[in-house]
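Reading the structure
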Amino acid sequence: MKLLLLSLGLALLCSHTEEIADPVTSNFDLSKLSGDWYSIYLASDNKKKIEENGSMRFFLERIYVLEHSSLYFKLHTIVNGQCIEVPFICDSTGKDGECSSDYDGHTLAHILETDYVGYLIYHAENSNNEGKSQIMELYGREPDVSTELKEKFVEYCRDHGIVMENIIDLTRINRCLQARDNALV
Ligand SMILES: *[C@@H]1O[C@H](CO)[C@@H](O)[C@H](O)[C@H]1NC(C)=O
């Protein structure tokens, strides 16, 4: 019995470590970002951008890698209580892990850290005639991620001057999971 428990424990330990891949913070291979993702945490130093009806309040379903390392994001947002699909293209700037878009003025985004298989953290700067804001987001391959990753994200936010109160936990709100292709209805 003890042996069984021990081997079970070891099996759990091993399957756990397998999920932890090495964090990558430079020389990103964007082709590895394609596929399904979930928005987990969303943060901004200009909170109205990410609150209800905010211009940066999107929920990610999938990333497609286009030619020349540009990225296509299949997003959802809520308009009048309805989830609607929003296509979003971020054009590669040629710099490592960086892309830009003319959405809402000008938005320049770059990846801070990812392991491709579990999570991705990015930072974006938006500027328009109302001023500048920062947006940061944590994506997961699963609908939720570990507390450690969430803490890592909070630390990244702190490094960029974004306080805890400006971080929204999207796992607690309607993030349009029911609108996804693989939704169980
Ligand atoms: C968001 O927009 C809808 C529709 O215009 C409105 O009914 C709702 O009050 C808005 N929510 C906020 C927080 O402004």
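All chains use their own residue numbering, which begins from 1 and follows the written sequence. For this predicted model, a pLDDT threshold of at least 70 governs which residues receive local features, and a threshold of 80 or more governs which side-chain atom pairs are given and counted, while totals over whole chains, interfaces and linings are taken from all residues. With hydrogens and water excluded, all non-hydrogen atoms of the structure serve as input to the side-chain values.

1. So, the sheet that holds strand β6 (residues 98-101)
- Any two strands with at least two DSSP-identified bridges between them are counted as paired. Helix and strand definitions follow DSSP, with helices as H or I runs of at least four residues and strands as E runs of at least two, each counted in order from the N terminus. Read from one edge to the other, the open sheet built from 10 strands follows the order β1-β3-β4-β5-β6-β7-β8-β9-β2-β10, with strand pairing classed as antiparallel. In this open sheet, the two strands that pair with only one neighbour each are β1 (35-36) and β10 (167-169).
- Sheet topology places strand β2 (residues 38-44) next to strand β9 (residues 131-140); six bridges connect them, and they run antiparallel. Its bridge partner being in β9, S39 is matched across the sheet by Y139.
- Along the sheet face, helix α2 (residues 147-159) touches β2, β7 (106-114), β8 (119-128), β9 and β10 and points at about 165 degrees away from the line of β9. In what follows, a contact means two residues having at least one pair of non-hydrogen atoms within 4.5 Å. Axes here mean lines fitted to C-alpha atoms, for a helix over just the part in contact, with angles spanning 0 to 180 degrees between N-to-C directions.

2. Comments concerning the packing of aromatic side chains
- For this analysis, a ring pair means two rings from Phe, Tyr or Trp (six-membered ring only for Trp) whose centres lie within 6.5 Å, classed as stacked if their planes differ by under 30 degrees, edge-to-face if by over 60, and tilted for the remaining angles. As enumerated under the stated definition, the model contains seven aromatic pairs in all.
- Here the aromatic rings of W37 and Y139 are separated by 6.4 Å at their centres, their planes lie at 45 degrees, and the arrangement is tilted. On the criterion of sequence distance, the pair formed by W37 in the loop between β1 and β2 and Y139 in strand β9 is long-range, its members being 102 residues apart. For the pair W37 and Y139, one class covers both residues: buried. To sort residues, take the accessible area from a 1.4 Å probe on protein chains only and compare it with the maximum for the residue type: under 20% means buried, over 50% means exposed, and anything in between is partly exposed.

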